[in-house]
Amino acid sequence: MGRDILSYIAAVVIALGTGPMAIDIGRRQFISVLGGAAAWPIKAQAQQPAMPVVGFLRSTSLAPFESLVTAFGQGLKEAGFVEGQNVAIEYRYADNQVDHLPALVAELIRWPVAIIVVNFGAALAAKAATTTVPIVFAAGNDPVKDGLVASLNRPGGNLTGVSWLGSVIGTKRLELLHQLVPKATTIAMFTYPNNPDTEAERKDVQAAAQAIGLQLIMIDVSSDRDIEAAFATFAQRRADALFVGTGAFLTSKRESIVALAARYAIPASYQVREAAVAGGLMSYGPSQREAYRQAGIYAGRILKGEKPADLPVLQSTKFEFVINLKTANALGLTVPMIIQMTADEVIE
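Bear in mind the structure is a predicted one, so any value in this text is a computation, not a measurement. (Residues numbered from 1 in each chain as written. Predicted model: local features only at pLDDT ≥ 70, side-chain atom pairs only at ≥ 80, totals over all residues. Heavy atoms only, no water.)

Asks: What exactly am I supposed to notice about the packing of helix H6 (residues 170–180) against helix H7 (residues 198–211) here?
Replies: Two measures define how a pair of helices packs: the angle their axes make with one another and the distance between the axes. Remark: H6 packs on H7, axes separated minimally by 8 Å, with the N-to-C direction vectors making an angle of 40 degrees. Considering their axes alone, H6 and H7 lie oblique with respect to each other. Where H6 crosses over H7, the two elements pack in a sense that is right-handed. Of the residues in H7, those touching H6 at Gly170, Thr171, Arg173 and Leu174 are Glu201, Asp204, Val205, Ala208 and Ala209. (Axes fitted to C-alpha atoms, helices over the stretch in contact; angles between N-to-C directions. Helix = DSSP H or I, 4+ residues; strand = E, 2+ residues; numbered from the N terminus. Parallel < 35°, antiparallel > 145°, perpendicular 65-115°, else oblique. Left-handed = near helix turned anticlockwise from the far one by under 90°. Contact = heavy atoms within 4.5 Å.)

This is the structure we're talking about:
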């Protein structure tokens with residue numbers, strides 16, 4: 001429409017030079033066209049309602065979690081919203097700098113966004129910042145114990161979401177790792193100290209190790225330098241395998257951990273499928289992609305008018321067991337067929 005208006009104005013301007021009468025008529029036409037040109041965009045804008053904006057905030061960086069963004073978009077689509085068509089999304093990432101989260105939340109609230117979607121680390125900052133903007137979390141923590149909601153069935157307030165209790169499946173993960181590396185007697189374990197569920201995870205894995213006669217070496221890591229130093233320590237103490245703890249930080253560092261595990265030739269267990277795809281020996285845990293798809297559906301329902309307080313917190317029930325046979329072969333491990341048959345995915 002804008003090009004047609006400019007073309008017409010140009011024609012009128014040319015007509016202004018054709019004679020006295022033409023100049024007078026042309027001037028009136030010119031003013032009339034300008035008035036119409038100014039009015040058309042206003043009318044068009046009035047006919048198009050403002051597109052709702054969703055804030056998507058994580059305490060980590062983007063790159064390791066693109067699959068979760070895709071899954072969230074799928075859930076939104078199932079609820080009737082497509083990014084760029086009838087909903088806009090503003091993405092913010094703290095790059096593991098937790099102290100940046102309050103400013104990022106404040107920025108989204110000022111935008112303003114209609115809803116904020118967060119992981120656990122960002123959920124705490126969002127809850128502290130607003131009691132009115134709806135918040136949907138996707139988190140591997142206990143949302144009641146950690147103070148996000150009053151209860152799972154009746155969240156109350158402005159928060160709801162999807163939870164997967166990844167820290168309480170340590171026993172199963174350790175058993176699977178022991179089956180894949182039966183000669184292992186000493187297991188190294190990474191934990192992230194700033195995760196509120198880390199202590200529960202330590203106790204869970206320690207009890208499981210004692211039950212099957214394994215020695216456990218636990219080291220807290222919160223930076224790339226810590227991770228590299230920990231591998232050197234594991235090598236000195238002759239650890240036979242590695243158990244990577246849960247939480248967004250360790251998940252965000254999975255590719256560097258996988259690379260270091262390959263360099264030190266140490267078989268490792270991870271929580272998320274993407275780590276096994278990247279070259280880790282195995283993964284077992286809740287499907288975070290499914291959790292984010294469900295979070296997308298919840299976000300869509302809230303955009304349609306439902307209240308977070310009325311939406312029960314969902315508990316993710318889809319678990320994935322993935323084995324990377326290529327990595328197993330490189331480590332000189334033989335994976336029994338019966339274990340392969342129990343896996344949800346075998347990477348060859």
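Asks: Would you take a moment to explain helix H4 (residues 101–110) for this structure?
Replies: Because an α-helix completes one turn every 3.6 residues, residues spaced three or four positions apart along the sequence face the same direction. Restricting attention to buried positions, one finds in H4 the residues Leu101, Leu104, Val105 and Leu108. All buried residues of H4 fall inside an arc of 100 degrees around its axis, so they share one side. In H4, the exposed residues that point more than 90 degrees away from the buried face are Ala103 and Arg110. Residues of H4 that are buried sit in contact with strand S1 (53–58), strand S2 (88–93), strand S3 (115–118) and helix H5 (120–129). (Buried < 20%, exposed > 50% of the residue type's maximum accessible area, 1.4 Å probe, protein only. Arc of directions from axis to C-beta.)

Asks: Is there a simple way to explain the pattern of salt bridges in this structure?
Replies: Should their charged atoms come close, side chains of opposite charge can pair. Tallied over the full model, the rule gives 12 salt bridges. The salt bridge involving Lys253 is made with Asp224; its shortest N-O contact spans 3.1 Å. With a gap of 29 residues between them, Lys253 in the loop between helix H9 (248–252) and helix H10 (254–263) and Asp224 in helix H8 (residues 224–236) connect regions that are remote in the sequence. Residue Lys253 is classed as buried on the basis of its relative accessible area of 19%. Judged by its relative accessible area of 40%, Asp224 is partly exposed. Across the pair Arg301 and Glu306 runs a salt bridge whose closest N-O atoms are separated by 2.9 Å. Overall, the relative accessible area of 31% leaves Arg301 in the partly exposed class. On the accessibility criterion, Glu306 (34% relative accessible area) is partly exposed. Salt bridges sharing partners connect three or more residues here, namely Glu78, Glu290 and Arg293. (Salt bridge = Lys/Arg side-chain N within 4 Å of Asp/Glu carboxyl O.)

Asks: I keep staring at the nonpolar core and nothing clicks. Help me out?
Replies: One broad trend across soluble globular proteins is that nonpolar side chains are buried collectively. In terms of nonpolar packing, the biggest core is built from 27 residues, with Leu174, Leu180, Ile187, Leu281, Met282, Phe321 and Ile323 touching the most fellow members. Mapped by element, the contributors of at least two residues to this core are H6, strand S6 (186–191), H7, strand S8 (241–244), strand S10 (282–286), strand S12 (319–324) and helix H13 (325–330). When residues in this core are grouped by element, the largest group, 4 residues, is from H6. Not counting residues up to four positions away in its chain, the partners in contact with Ile187 are Leu174, Leu177, Leu214, Gln215, Leu216, Ile217, Ala241 and Phe243. Residues Phe72, Leu76, Tyr93 and Trp164 belong to the second largest nonpolar core, which totals 25 residues. (Core = buried A, V, L, I, M, F, W, Y, C linked by side-chain atoms within 4.5 Å.)

Asks: Sorry if this is basic, but what is going on with the packing of H4 against H5 here?
Replies: At a minimum axis distance of 9 Å, the contact between H4 and H5 shows a crossing angle of 60 degrees. In terms of orientation, H4 and H5 fall into the oblique class. Handedness of the H4/H5 crossing: right-handed. Judged by residue contacts, Leu101, Pro102, Val105 and Ile109 of H4 engage Gly121, Ala122, Ala125, Ala126 and Ala129 from H5. When its residues are assigned to classes, the contact of H4 with H5 shows 8 nonpolar, 1 polar and no charged. (Nonpolar A, V, L, I, M, F, W, Y, C, P; charged D, E, K, R; others polar.)

Asks: Looking at this structure, I do not really get the sheet that holds S2. What am I missing?
Replies: The pairing of strands in a sheet happens through backbone hydrogen bonds and is either parallel or antiparallel. The 6 strands lie next to each other as S2-S1-S3-S4-S5-S11, forming an open sheet whose pairing is parallel. Edge positions in the sheet fall to S2 and strand S11 (314–315), since each has one partner strand and no second. (Pairing = 2+ DSSP bridges.)

Asks: I would appreciate a short explanation of unusual backbone geometry in the present structure.
Replies: Outside of glycine, negative phi angles account for most residues, and trans bonds account for most peptide bonds. The omega torsion of the bond from Trp111 to Pro112 falls at 0 degrees, within 30 degrees of zero and hence cis. When you line up the elements, Pro112 lands in the loop between H4 and S3. Of note, Arg238 is a non-glycine position whose phi angle comes to about 55 degrees, a positive value. Relative to the elements of secondary structure, Arg238 occurs in the loop between H8 and S8.

Asks: Hey, could you run me through the packing of aromatic side chains in this one?
Replies: Each aromatic ring pair is specified by the distance between its two centres and by the angle formed by the two planes. Under the definition given, this model contains 11 aromatic pairs. Seen in terms of ring centroids, Phe56 and Tyr93 are 6.5 Å apart; in terms of plane orientation they differ by 55 degrees. Their pairing is tilted. Taken together, the positions of Phe56 in strand S1 and Tyr93 in strand S2 put the pair 37 residues apart, joining distant regions of the chain. Residue Phe56 shares its accessibility class with Tyr93, and that shared class is buried. (Phe/Tyr/Trp six-rings, centres within 6.5 Å; stacked < 30°, edge-to-face > 60°.)

Asks: Please clarify how the pairing of S10 should be interpreted in this entry.
Replies: Across a regular strand the side chains alternate sides, sitting on one face of the sheet and then on the other. For S10, the tally of buried residues reaches 5 of 5 residues, placing the bulk of the element in the interior. As paired elements, strand S9 (residues 268–270) and S10 share 2 bridges and run parallel to each other. Bridging across to S10, Ser269 finds its partner in Met282. Of the pairings in the sheet, the one linking S10 to S12 comprises 5 bridges and is antiparallel in character. Residue pairing across strands places Gly285 opposite Glu320, the latter belonging to S12.

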